[in-house]
Amino acid sequence: MNIHKKDIIIIGCGCIGLSAGVILLKTGDYNVKIWAKDLPPNTTSNKAAALWYPFLSEPLDKVGRWSQETMDYFKKEIIPLGVEKTGTLTKKVYELYRTPRAQLPEWSPFVPSFRRMKKEEMLDGYIDGFTVEDGFVMDTDQYMDWLVESFKALGGSIDQREVVDIREPFIYADIVINCSGLGARELIGDRLVYPSRGQIIVVDNTRDISLMDEEDEYQLGYVIPRVHNSVLGGTNQQHNYNLEPSKKDTEEILDRVAKISPQFERKNLKILGEKVGLRPSRYSIRLENEFMQDGRKLLVHNYGHGGSGFTVSWGCALDTLKLVRKGADKLKTSNKSDVPWYSLLNKRRSSSSCSFVND
Ligand SMILES: Cc1cc2nc3c(=O)[nH]c(=O)nc-3n(C[C@H](O)[C@H](O)[C@H](O)COP(=O)(O)OP(=O)(O)OC[C@H]3O[C@@H](n4cnc5c(N)ncnc54)[C@H](O)[C@@H]3O)c2cc1C
Ligand SMILES: O=C(O)C(=O)Cc1ccccc1
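The model shown is predicted, which means the values in this text are computed figures rather than measured ones. (Residues numbered from 1 in each chain as written. Chains lettered and ligands numbered in written order. Predicted model: local features only at pLDDT ≥ 70, side-chain atom pairs only at ≥ 80, totals over all residues. Heavy atoms only, no water.)

Caption draft 1: Here's a closer look at the side chain of Asp128. Inspection of the secondary structure puts Asp128 in strand S5 (residues 128-138). Only 2.7 Å separates the side chain of Asp128 from the backbone nitrogen of Arg101, close enough to count as a polar contact. In this structure, Asp128 is in contact with Glu95, Leu96, Tyr97, Thr99, Pro100, Arg101, Arg116 and Met122, ignoring residues within four places of it in sequence. (Helix = DSSP H or I, 4+ residues; strand = E, 2+ residues; numbered from the N terminus. Polar contact = N/O pair within 3.5 Å; in protein donor to acceptor, adjacent residues only side chain to side chain. Contact = heavy atoms within 4.5 Å.)

This is the structure in structure tokens:
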């Protein structure tokens, strides 16, 4: 532990906590430790599809900027490292509609390659759609392992431990980053965070484009080609805590993706497995400073990313660094007025004369 660097404890080892940890460590200004109840592969992040696509997250203007900053970070820092290392690929994505869409997605102005699909690109049965040329997809387990490796290679350390009282990490650090996802409900009593249950199916075949039938934001139909397999989805069941795959959901997902294209009919698929995760949904992503213990301690909140954690992770990590810098400057350092009177006694007794005023 380098004594000239500020100590920071991050609560959470999902894609949000790990990305924040990497960005903080890259500055060279902080000693960073992660405390987390669950580590990869047992986090929600590991259950994700995942592709670059803003979904179930607000506020839309900030999600647009964070998504664009994340796409830039992937292009500059991650994709060039190669798919074997990071499990991440650039993949075009088609958003398909069976009805005309006048309204463009709110995040579209932030994504240069965004455009409406051309007629000749349309799949049978669809009449409108949008495309992003340079989205990314990742084999989530491989990407999460790369994130852990990157965090540790930069000097970060990870303790598997549950935080029951938010004051506990402040015994060891003046700055704590809350990346607890759905756990914020219990950790800090934020009842505005709730689960949106997502179930996916992993199948063997892969293809060149991500396809998403966008007609219904609850009965999702998507095919996300990854490195070694594809993911079919999905569900969006709010306030549902069931972590077991449901047969009914599997059947309904298979029916929905079969309607995207005959190549996804059941007879053409080899199912490798199913995954369930609870998206940490909230009316708005919480990314802000909170001063604790009379301004001596800084708690930076970074949770509630719904269905977009990977899509906004690096943008939120960069804003977390800005919040740490801004907050750290305002921290009250413990000075004499804060030091208990009795600890002055010894100091004053050791000097030749002193008039000691009892506090
Ligand atoms: C089926 C599915 C598909 C998805 N697909 C996509 C996609 O394609 N693209 C995309 O961008 N997003 C996608 N998501 C959303 C994405 O998975 C989440 O937004 C993201 O994982 C949230 O990351 P997180 O780090 O906040 O949470 P998590 O991964 O849940 O990590 C939270 C961490 O905090 C720890 N923790 C919580 N409470 C405590 C405590 N009290 N003490 C100690 N540790 C604690 C946990 O143990 C864990 O380590 C998908 C989600 C699901 C379920
Ligand atoms: O399931 C999720 O949370 C996702 O982010 C994947 C996704 C893909 C296409 C449309 C909606 C969500």
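This is not the end of the story, as more comes after the structure.
Caption draft 2: Quick look at the sheet that holds strand S7 (residues 175-178). On the basis of which strands lie adjacent, the open sheet formed by six strands has the order S6-S2-S1-S7-S15-S14 and mixed pairing. The open sheet has two free edges, formed respectively by strand S6 (157-160) and strand S14 (286-292), since each of these has just one partner strand. Mean inter-strand twist for the sheet, computed between neighbouring axes without regard to direction, equals 20 degrees. Examined bridge by bridge, S7 and strand S15 (residues 297-303) share four bridges and lie parallel to one another. Bridge pairing in S15 links Asn178 to His301. (Pairing = 2+ DSSP bridges. Axes fitted to C-alpha atoms, helices over the stretch in contact; angles between N-to-C directions.)

Caption draft 3: Seen up close, the UniProt feature "binding site: FAD" (unreviewed entry) in the chain. According to UniProt, the positions carrying the feature "binding site: FAD" (unreviewed entry) are Thr44, Ser45, Ala49, Ala50, Leu51, Val163, Gly306, Gly307, Ser308, Gly309, Phe310 and Thr311. Taken together, the annotated residues stretch across 268 residues and extend over separate regions, lying up to 30.3 Å apart by C-alpha. One can find Gly309 in helix H7 (residues 309-330). Taking the relative accessible area as the measure of exposure, Gly309 reaches 13% and is therefore buried. The residue Thr311 is located in helix H7 in this model. For Thr311, a relative accessible area of 1% translates into the label buried. In this view, Thr311 contacts Leu51, Trp52, Tyr53, Pro54, Trp66, Ser67 and Thr70; residues no more than four positions away in its chain are not counted. Polar contacts involving the side chain of Thr311 include one to the main-chain carbonyl oxygen of Leu51, which spans 3.4 Å. (UniProt positions renumbered as here; feature names shortened; annotations may be inferred. Buried < 20%, exposed > 50% of the residue type's maximum accessible area, 1.4 Å probe, protein only.)

Caption draft 4: Looking closely at the site of ligand 1. The immediate surroundings of ligand 1 are formed by 37 residues, with Asp38, Ser45, Leu51, Gly306 and Thr311 found nearest. Thr44 has a polar side-chain atom sitting 3.0 Å from an oxygen atom of ligand 1. Leu51 places a main-chain nitrogen or oxygen 2.8 Å from an oxygen atom of ligand 1. A total of 1000 Å² of accessible area belongs to ligand 1 in isolation, and the protein chains cover 96% of it. Looking at the shell around ligand 1, the elements that each hand over two or more residues are helix H1 (15-26), strand S8 (194-203), strand S13 (271-281) and H7. Taken together, the residues of the shell around ligand 1 sort by class into 15 nonpolar, 16 polar and six charged. (Near = heavy atom within 4 Å. Areas by Shrake-Rupley, 256 points an atom, 1.4 Å probe, with all protein chains shown as cover. Nonpolar A, V, L, I, M, F, W, Y, C, P; charged D, E, K, R; others polar.)

Caption draft 5: Quick look at the site of ligand 2. The full set of residues close to ligand 2 is Leu51, Tyr53, Phe55, Met212, Glu214, Tyr222, Arg279 and Gly307. In the environment of ligand 2, an oxygen atom lies 2.7 Å from a nitrogen or oxygen atom belonging to the side chain of Arg279. For ligand 2, whose free accessible area comes to 310 Å², the fraction covered by protein is 92%. Per-class residue counts for the shell around ligand 2 are five nonpolar, one polar and two charged.

Caption draft 6: Layout of the packing of aromatic side chains. In this structure the tally under the stated criterion is 11 aromatic pairs. Ring centres 6.0 Å apart and planes at 55 degrees place the aromatic pair Tyr143 and Phe310 in the tilted group. Placement of Tyr143 in helix H4 (residues 140-153) and of Phe310 in helix H7 is noted, with a sequence separation of 167 residues between them. By relative accessible area, which is 0% here, Tyr143 ends up buried. Judged by relative accessible area, Phe310 falls into the buried class, the value being 6%. An aromatic cluster is built from Trp52, Tyr53, Tyr97, Trp107, Phe114 and Phe130, whose rings are joined through pairwise contacts. (Phe/Tyr/Trp six-rings, centres within 6.5 Å; stacked < 30°, edge-to-face > 60°.)

Caption draft 7: Inspection of the environment of Pro41 at higher detail. Structurally, Pro41 is set in the loop between strand S2 (30-36) and helix H2 (60-78). Spatially, the C-alpha atom of Pro41 lies 39 Å from that of Ile127, the residues being 86 residues apart in sequence. Apart from residues no more than four positions distant in its own chain, Pro41 is found in contact with Asn46, Lys47 and Asp141.

Caption draft 8: A look at the pattern of salt bridges. Under the counting rule described, the total for this entry stands at 28 salt bridges. Between Glu121 and Arg115 there is a salt bridge whose closest N-O contact spans 2.7 Å. Where Asp139 meets Arg226, a salt bridge forms, and the shortest distance between an N and an O atom there is 3.8 Å. Within this pair, whereas Asp139 is found in the loop between S5 and H4, its partner Arg226 is found in the loop between strand S10 (219-225) and strand S11 (230-235), the two being separated by 87 residues in sequence. Note on accessibility: Asp139 and Arg226 belong to one class, buried. A cluster of three or more residues bridged by salt bridges with shared partners is formed by Arg65, Glu69, Asp319 and Lys322. (Salt bridge = Lys/Arg side-chain N within 4 Å of Asp/Glu carboxyl O.)

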